[in-house]
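Chains, contacts and geometry: an overview
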Amino acid sequence: MTPKRIFLDHRTLKPMKMRPRRLVKICVLLLLVLALAAEIYRSQCTLTVTHYEVASAKITSPITIVHLSDLHNRQFGRDNTKLIALVAALEPDLIIISGDMLTYTKNNRTVPVALVEGLAPIAPVYYGYGNHEQYFERDFDTDLTPDLEAAGATVVELRYHDTEIAGNRVRIGGACGYIIDDNLHGFWWPQQNFMRAFGDTDDMKILIAHRPEGLLFWGGMETYDTDLIFSGHRHGGQMRLPLLGGVFTPESGFFPGYTEGLFEIGGGTLILSRGLGSGTIVPRLNNVPEVICVKLVPAFTYNSP
């Protein structure tokens, strides 16, 4: 038989009854704490897939693209087996990684390398750097590219690769830095020079651009000839509030607006991922880790007689 719990008044040591109102407050507080813990767990440890369809007259057969970003050394299953299985189930023709798959403060490259090893048998993997890969190489005086390419990726940081995907000629390139309007002269000349060369083709152009700010805010998409861009970096605003969206990004401050989704500007399409992990101590909240799947389909044009 379960003993009855009683409450003693410390002054009289006599049993006292808990007031109903106080009991309700304690229950409500407990439920709120449990709900918050459950939401933090959901936003850290579960996965969701967001589907988009994009049409282009530059292809003649569909291409399925899976986009991963901002893992920050997180693992979904040992060696990311759950993440790899989810990608495999989407049956991609192409896998795009848009950077920050590790965290630069930790001298550990095993997570992104193991992930690439698991993804490479599924489809061609193209890896664009994020700022964390750049800082990692700077701070630990090393080069990530040989390990990533040995694992099966094609690394495209300020370079591009012409290839064939599902019977279509495609140019895939990458630039981590801020890609800004060509008329805004300044520090970002490497990105500007790369984008001029990257755009010099009639093939389908897919750009991996970790930082979307220059493209969305500072004229990059209007200036350079791109067809489809994959970005990350903004983590969906880290914490997301109903109706208000993402709470904060370093470049734009509070309630920045552009934290996820599809944007069509200047003849190109940019797809911005909420990412998979977090590079800060602030937890993701109401922000489930996101895998993006894009169906790139032919856009047929008809000539009038």
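Below or above, wherever it landed, is the structure these notes cover.

To continue, consider the pairing of strand β9 (residues 168-174). Burial analysis of β9 places six of its seven residues in the buried class, which makes it a mostly covered element. From the end of strand β8 (residues 159-165) to the start of β9, which pair antiparallel, there are two residues, and Ala166 there has a positive phi angle of about 50°. As paired strands, β9 and strand β10 (residues 204-208) are joined by five bridges and run parallel to one another. Bridge pairing links Val170 to Met204 in β10.

This brings us to the side chain of Ser273. Among the structural elements, Ser273 can be located in the loop between β17 (268-272) and β18 (290-298). Since its relative accessible area comes to 0%, Ser273 is described here as buried. A polar atom in the side chain of Ser273 sits 2.8 Å from the backbone nitrogen of Gly275.

Leu68, Leu83, Leu119 and Tyr127 are the most contacted members of the largest nonpolar core, which has 31 residues in total. Only β4 (63-68), α2 (81-89), β5 (94-97), α3 (110-119), β6 (125-127), α5 (145-151), β7 (153-155) and β18 provide two or more residues apiece to this core. With five residues, α3 is the largest single contributor of residues to this core. Every residue in contact with Leu68, bar those within four places of it in the chain, is listed here: Leu83, Val87, Ile96, Ile97, Ser98, Met101, Leu115, Leu119, Leu276 and Val291. Ile63, Leu94, Val170 and Ile172 belong to the second-largest nonpolar core, a separate cluster that totals 21 residues.

Thresholds applied
In every chain, residue numbers begin from 1 and rise along the written sequence. With the structure being a predicted model, the display of local features is reserved for residues of pLDDT at least 70 and the display and counting of side-chain atom pairs for 80 or more, all residues being used for whole-chain, interface and lining totals. Side-chain measures were taken over the full set of non-hydrogen atoms in the model, leaving aside hydrogen atoms and water. Type-normalised accessible area, obtained with a 1.4 Å probe on protein chains alone, sets the label of each residue: buried when under 20%, exposed when over 50%, and partly exposed for intermediate values. Elements are defined by DSSP. Helices are runs of H or I of four residues or more, strands are runs of E of two residues or more, and each kind is numbered from the N terminus. Note on pairing: two strands pair once DSSP finds at least 2 bridges between them. In protein, a polar contact means a hydrogen-donor-capable atom and an acceptor-capable atom, both N or O and within 3.5 Å, with residues adjacent in sequence counting only if both atoms are side-chain atoms; elsewhere, any N or O pair within 3.5 Å suffices. As used in this record, nonpolar core signifies buried Ala, Val, Leu, Ile, Met, Phe, Trp, Tyr and Cys residues forming a set joined through side-chain atoms within 4.5 Å. Whether two residues touch is decided by their heavy atoms; if any such pair falls within 4.5 Å, the residues are in contact.

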